Amino acid sequence: MTFKIAASPHAHQRRTTQQVMRWVYVALIPGVLLQTYFFGVGVYIQLALALLTAWVAEGLAMRLRGRPIGHAWQDHTAIVTAVLLAISIPALAPWWIIVIGTAFSIIVVKHVYGGVGQNLFNPAMAGYVLLLVSFPVQMTSWPVPNELAQLQVTISDTAQLIFSGFTNSGYNLEQLRMGVDGVTMATPLDSLRNDLNHQLTLTEALNKPIFGGLAGIGWAWINIAFLLGGLVLIKQKIISWHIPGGMLVGLLVPAAVYWMFNPDQAITPMLHALSGATMLGAFFIATDPVTAATSNKGRWVFGLFIGFLVFVIRTWGGYPDAVAFAVLLANMTVPVIDKYTQPVAYGHGGRS
Amino acid sequence: MSAATKAIEAGHIWTFPGGIHPPERKELSNQSAIRQLPLAPHYHVPVKQHSGAPGDLLVQVGDKVKAGQALTQVGVNNGLPVHAPTSGTVTAIGAGIIAHPSGLADTIITITADGDDSATTLAPIADYTAVSRAELLERIKQAGIAGLGGAGFPTAQKLALQRPLDYLIINGVECEPYISADDRLMREHAQTIIDGTEILLHLAACEKALIAIEANKPEAISAFEALLHEHPKLALRVVPVKYPSGGEKQLIQLLTGRQVPSRGLPIDVGLVMQNVGTAYAVAQAVVQGKPLIERVVTVTGENVEQPGNYWVRLGTPVDYLLEQCGFKPEPEQRVIMGGPMMGFTLADLSVPVVKITNCILVPSSQELAPAQDEMACIRCGACADVCPAQLLPQQMVWLAKAKDYDGLEKQNLFDCIECGACAYVCPSEIPLVHYYRKAKAEIRNIAREKAKAEVARERFEARQERLEREKEERLERHRKAAEARKKAQAEAVEKGGDNPQDAVQAAIARAKARKAAQAAAAADKKTEGDDA
Amino acid sequence: MTLITALSVLGVLALIFGLILGFAAVRFRVESDPIVDQIDALLPQTQCGQCGYPGCRPYAEAIANGDDINKCPPGGETTIKNLSELMGVEAKPLDAAHGQEDVKKVAVIREDECIGCTKCIQACPVDAILGAAKQMHTVIAHECTGCDLCVEPCPVDCIDMVPVPVRPENWQWDLQQIPVRVVESSN
């Protein structure tokens, strides 16, 4: 018999990338379920389209790069990108939106930069920003939360709408987005932005049906679900608390200060926290390890920076939500953050 | 007393960054008392079992030896002696595979046991405070004691450094999974370890010793607690369970909050660390006069029927040891000397147990699954999170793959303690530590080559200079000879008033004669050569 | 008039920048080793002469004067890469006309066959061979650069070039190269 020669360590924590990713999917489930509840089964259709596109795009990119295609799915990063993008776009957006976005994320943002682990920018957010600046109408046409909708949309209507632009009975998306009051519904952040820009006071602006409950109908619950999912990931040590913590502090502290001084002109901290993509961004998007800072101190700075950018863009910028822009801008600063937050190695004068 | 010292005295336990919690699996081997391994028929004693030069041979093939008899002596290289593990005959001295990851061979003394196990000891020192420090150090050296924790640094050499010391740290942490040799030794021989610690304290001229034990060894902790009230200079410190808290640098950080400077020694921050096994061996050598010929070895893993701890004579072949413990190998069995995190695999089981062997691990492929294929790094950063030295493992792997050795040194590659935490957590199963070890070996090699090239350059230049000088000297000699001739000629002319014409003729004749002589000399030179 | 103004302005500017550059060149001059020393430091100092020059320093001087950087077989690829970086030229593959990269070797004299002719002693570029006329010679192994120059002059061919043995101290962690011995299973 022969004895096997191997390099130490011989023990290995069998937590593979697949296992890590499985936890990420599990943590996303509550948020996705709520999103479906409020915005309809379009979410599932978008997910299916995104996964299909990701699969084709990943295979194609691997083939073009002369890599074994079989490896494409092993690391699950393409799936995560597809899922994040699919739940970030409006549930009833036309089918080609998600196809273009996913293909761009996978092929250009990931593979052109050298594939898994080499990309500078968060693929899902780069895809999202591409879609947002190219197709602003489609990308901001969020459906009405079902509690406020005038017209109920069936599953077949949803599919028809996504693939042809009209429901079975001939309504288009614009008509469907009409609220109970007969006014086209915007998302809470969008509506608030518009109204505040039109010199309405906060109290006036909030006097709309979409602002029911804590921080907007539907949106608040979805954000709470993503928050819970994120806490599970922290508990499982899949992500560290530094990035989400930094991002929430960076967003909410300036928001609270600004709101205290301009109580009638500013978005409330509560709305900041539980509206738009805040929680999804904090726990699932900004925490993408490939494009985030590496040390804990760096992660903290990175998170703070994203949060602060979200506050600035939401308050003064031209777009209602800002998570995607903030994440991409912070991605650019990662090399600098890493350079200045590199931990002092043992024995080089650091204190314990 | 400064605040930091106060905190140390109060028993404050600091923390170190990173670290992992692998399954401990110590229950496999720590349930029963240390057993004595029966005498083996043959022993292979490598002459070098410590870090440093080997000693000079004292025995020849055919010599009869007794257990504890020195086989080598300190010698010109200031080596450390090795001793016969039992009585018998020296049957071979030659190359044999040593306990090293490379599986390379070195000088090994083979002893065939006669079964009597008759022993010889050094004179016991009843009262170590009555003899001189030099004598005690000499005793520890003669007993062949090197650090039993793993590094194998000669203990006397470590203690000989006369520098002010704040604390002596006795390391009984044993954080590596599976291993329980120190645990059992502490449970069963706490008094001897304490005696050894007192001797080490005396030698180090130090006022206080800290005995560190990991919290997962409650029996060992209570064994010491029961005895320590009689020893005011000794204090017990229980450190939390985390790998690698037993690493020298990490334990220092845990107990004192100090950091050993990069490329420095613990003594630079006023500390010296010894393993509990070393303290035991020191007590044995001084009080009983017993040289280091046996140690506790954990034999464990699912592919051995009687896992446990054994008193094993140094030089016992691993195959004999495993046979005695009911070895049932599987195909492609891994036999690991050391633990699952830092141990190395053996390619050949004739390898002997040596001073630094604390464990022989024979895992089944279910309990420690063999490494899978390395996948691409996804930059998840898990490695940086667990690195106890606060390095950037993923950057270092890239640099190592690119063979950017300057970059690696800038990333403090040499502060890596090779604990394996990064490779343990890597989801892509990249053997990070292996890359670092290769890069370190390569960098050391390059440094050696560079030093050698520098010597070669100097020697080449010295030779060029010498040749140049010799050429000039030759020319100078010729010139002087010619001058002397001219002078002699002129004198002769002056004296004798000879016809200058005659002188010319005579000179030509002389030149001819000289040429003939030179030709003869050249022929001579061809056969004789030149003693350069 | 405009033309003259433009020309004079440009001329003055050129003068000012020239002065600044000149000042900077003097003020911030970087002291560096003469280039020959830098090149010499990168060469392996084997002194084997395979490059066609009588030693490493002469080759370093030749490189400084524009010779190719790929003539050093003992240095191999690494040396070529380092030289290309220093000289700012393209790294070329080793020139096969000068030999091939080989493992490090050391000369060993079969001492019972040595006749004591001193020829190898004269050939050795680093004086690493000890001996006297009609006395047996021996190589100081740790001074030997493995240059091969002593092999050819030996009239009795008693010099071998043997690869430098791998020892635990200089082992490179090549786990794949450990010979795996097949052991008969006992059960």
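What you see is a predicted model; the values in this text were computed from it and never measured.

A. Highlighting the domain arrangement of chain C. Residue and element names in this part refer to chain C. Partitioning chain C into structural domains gives domain 1 (35-98) and domain 2 (105-163). A separation of 26 Å is found between the C-alpha centroids of domain 1 and domain 2. Taken together, the contact between domain 1 and domain 2 spans four residues of the former and six residues of the latter. Interface area, domain 1 with domain 2, both sides summed: about 340 Å², of which 62% is carbon and sulfur. Our count for the contact surface shared by domain 1 and domain 2 stands at zero salt bridges. At the boundary of domain 1 with domain 2, the tally comes to one residue pair in polar contact (both at pLDDT 80 or more). Its residues placed into classes, the side of domain 1 that touches domain 2 shows one nonpolar, three polar and no charged.

B. A look at the UniProt feature "transmembrane region" (unreviewed entry) in chain A. Residue and element names in this part refer to chain A. When the UniProt feature table is mapped onto this chain, "transmembrane region" (unreviewed entry) is found at residues 20-38, 73-89, 120-139, 210-234, 241-261, 267-286 and 298-316. Helix makes up 70% of residues 267-286 and strand 0%, with an end-to-end C-alpha separation of 22 Å. Structurally, residues 298-316 is divided into 100% helix and 0% strand, and its ends, taken at the C-alpha atoms, are 27 Å apart.

C. Main features of the pattern of salt bridges. Residue and element names in this part refer to chain B. Summed over all chains, the structure comprises 37 salt bridges over all chains. Salt-bridge contacts for Arg163 lead to Asp268; the nearest nitrogen and oxygen are separated by 2.8 Å. Taken together, the positions of Arg163 in the loop between α3 (155-160) and β8 (167-172) and Asp268 in the loop between α7 (248-256) and β11 (271-275) put the pair 105 residues apart, joining distant regions of the chain. In this structure Asp268 comes out as partly exposed when scored by relative accessible area, which is 38%. Of the charged contacts in the structure, one is a salt bridge between Lys217 and Glu214, with a shortest N-O distance of 3.4 Å. One exposure class covers both Lys217 and Glu214, and it is buried.

What counts and what doesn't
Residues numbered from 1 in each chain as written. Chains lettered and ligands numbered in written order. Predicted model: local features only at pLDDT ≥ 70, side-chain atom pairs only at ≥ 80, totals over all residues. Heavy atoms only, no water. Domains from an automatic or database assignment. Contact = heavy atoms within 4.5 Å. Buried area = accessible area lost by both parts, 1.4 Å probe. Salt bridge = Lys/Arg side-chain N within 4 Å of Asp/Glu carboxyl O. Polar contact = N/O pair within 3.5 Å; in protein donor to acceptor, adjacent residues only side chain to side chain. Nonpolar A, V, L, I, M, F, W, Y, C, P; charged D, E, K, R; others polar. UniProt positions renumbered as here; feature names shortened; annotations may be inferred. Helix = DSSP H or I, 4+ residues; strand = E, 2+ residues; numbered from the N terminus. Buried < 20%, exposed > 50% of the residue type's maximum accessible area, 1.4 Å probe, protein only.

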